[in-house]
Amino acid sequence: MKLVPLDDKVVLKKLVAEETTASGIVLTGQDKEKPAQGEVIAVGPGGIVDGKEVKMQVKAGDKVVYSKYAGTEVEIEKEKYLIVKQSDILAIMK
């Protein structure tokens, strides 16, 4: 099964929190929590949304930071994905 987002929606796969720091310190529990980051899996076509033209600025493969409580989580074939509006994406990581 494949997710095909509509309008200004973007399908993300969450990036896994690091379990150790660059210096080798093992992180536990809440220390592992980091800004909401993900990889773009699929992008909707954009177009007219709520009377405004929306041009999609992200593409599949981009790594992004998104609002922590944004979107809807779905599970397809034992993989978890997050569907968000493009406006919930805060930045592209380069």
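Read on for a plain summary of the structure. Think of each chain on its own: its residues are numbered from 1, step by step along the sequence as written. Reporting of local features is limited, given that this is a predicted model, to residues whose pLDDT is at least 70; pairs of side-chain atoms are given and counted only at 80 or more, and all residues count toward the totals for whole chains, interfaces and linings. The side-chain figures draw on all heavy atoms in the structure; neither hydrogens nor water molecules are used.

### Description of the pairing of strand β7 (residues 79-85)
- Between any two strands, at least two bridges found by DSSP are needed for them to pair. Starting at the N terminus, helices and strands are each numbered in turn, a helix being any DSSP run of H or I of at least four residues and a strand any DSSP run of E of at least two. In terms of strand pairing, strand β1 (residues 9-14) meets β7 through 4 bridges, oriented antiparallel. Across the sheet, residue L12 finds its bridge partner in β7, namely L82.
- As paired strands, strand β6 (residues 72-76) and β7 are joined by 5 bridges and run antiparallel to one another. Across the sheet, residue E73 finds its bridge partner in β7, namely L82.
- Turn length for the β6-β7 hairpin, with the two strands adjacent in sequence and antiparallel, is 2 residues, and the turn residue E77 shows positive phi of about 50°.

### A short note on the pattern of salt bridges
- Each reported salt bridge corresponds to a side-chain nitrogen of Lys or Arg within 4 Å of a carboxyl oxygen of Asp or Glu. Scanning the model with the defined rule gives 5 salt bridges in all.
- In this structure, E79 and K13 form a salt bridge, with 3.0 Å as the shortest nitrogen-oxygen distance. Of this pair, E79 sits in strand β7 while K13 sits in strand β1, and the two are 66 residues apart along the sequence.
- Only protein chains enter the accessibility calculation, which uses a 1.4 Å probe. A residue is then buried if its area is under 20% of the maximum for its type, exposed if over 50%, and partly exposed in between. For K13, a relative accessible area of 32% translates into the label partly exposed.
- Between D62 and K59 there is a salt bridge, with its nearest N and O atoms 3.1 Å apart.

### Here's the deal with the environment of K94
- For K94, the location among the structural elements is in the segment after β8 (89-93).
- For K94, a relative accessible area of 94% translates into the label exposed.
- Taking the C-alpha atoms as reference points, K94 and K63, separated by 31 residues in sequence, lie 7.5 Å from one another.

### Regarding the pairing of β1
- Judged from the 5 bridges that link them, β1 and strand β2 (residues 37-43) form a sheet pairing that is antiparallel. What sits directly across from K14, in β2, is G38.

### Things to note about the sheet that holds β7
- Sheet architecture is open: 6 strands sit in the order β6-β7-β1-β2-β5-β8, paired in antiparallel fashion. Here the strands that pair on one side only, and so sit at the sheet edges, are β6 and β8. Each strand of the sheet is rotated relative to its neighbour by a mean of 40°, with strand direction disregarded.
- Pairing between strand β5 (residues 63-66) and β8: 4 bridges, direction antiparallel. When the sheet's bridge partners are listed, V64 is paired in β8 with I92. The axes used here are C-alpha line fits, helices contributing only the stretch in contact, and every angle between their N-to-C directions lies in the interval 0 to 180 degrees.

### Thoughts on the nonpolar core
- The nonpolar core is taken to be a set of buried Ala, Val, Leu, Ile, Met, Phe, Trp, Tyr and Cys residues, with the residues joined through side-chain atoms within 4.5 Å. Counting 14 residues, the largest nonpolar core has V10, L12, V40, V58, V64, V84 and I89 as its most contacted members.
- Secondary-structure elements contributing two or more residues to this core are β1, β5 and β7.
- Non-local contacts of V58, meaning those with residues more than four positions away in its chain, are made with V10, V40, V43, V64, Q86, I89 and I92. Residues count as neighbours in contact if any of their non-hydrogen atoms are within 4.5 Å of one another.

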